[in-house]
Amino acid sequence: MLDMMIIVRAIKKMFEGMIFIYTSQEMLDLKVTPEMEKSMHQFHGMGYKEYSRDHKKRMQVEKKREEDYAKSQSIIANI
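Report follows, based on the coordinates. (Residues numbered from 1 in each chain as written. Predicted model: local features only at pLDDT ≥ 70, side-chain atom pairs only at ≥ 80, totals over all residues. Heavy atoms only, no water.)

**Observations regarding the side chain of Arg-58**
For step 1, the next point in the chain: Of note, Arg-58 is situated in helix H4 (residues 55-78).
For step 2, the next point in the chain: No salt bridge is formed by the buried Arg-58; its nearest oppositely charged neighbour, Asp-54, is found at 6.8 Å.
For step 3, the next point in the chain: A polar atom in the side chain of Arg-58 sits 2.8 Å from the backbone oxygen of Ser-52. (Helix = DSSP H or I, 4+ residues; strand = E, 2+ residues; numbered from the N terminus. Buried < 20%, exposed > 50% of the residue type's maximum accessible area, 1.4 Å probe, protein only. Lys, Arg positive; Asp, Glu negative; His and termini not counted. Salt bridge = Lys/Arg side-chain N within 4 Å of Asp/Glu carboxyl O. Polar contact = N/O pair within 3.5 Å; in protein donor to acceptor, adjacent residues only side chain to side chain.)

Encoded structure:
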């Protein structure tokens, strides 16, 4: 058990700070509610089907989400 914990820690350290991007359609087989679909259209101008099909568009959406998150954290820090 101890050996397994050491291996797990080593693997975590090895992958620390790395970002993984899944491009397989399997990885993006999302269960989407009508509310999620509507929100995706309102905020990003596309539905989940288009999002899951087009890697470039996925990266644009995720970049915008990261920027929005950073803004929200900045606002919270100033309160």
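**Notes on the side chain of Ser-52**
For step 1, the next point in the chain: Considering the arrangement of structural elements, one finds Ser-52 in helix H3 (residues 48-53).
For step 2, the next point in the chain: By relative accessible area, which is 9% here, Ser-52 ends up buried.
For step 3, the next point in the chain: One polar contact links the side chain of Ser-52 to the main-chain carbonyl oxygen of Lys-49, over a distance of 3.0 Å.

**Observations concerning H4**
For step 1, the next point in the chain: Its 24 residues place the ends of H4 35 Å apart at the C-alpha level, agreeing with the 34 Å of an ideal helix rising 1.5 Å per residue.
For step 2, the next point in the chain: Between a side-chain oxygen at the N-terminus of H4 and the backbone nitrogen of Lys-56 the separation is 3.1 Å; the capping residue is Asp-54. (Expected span 1.5 Å × (residues − 1).)

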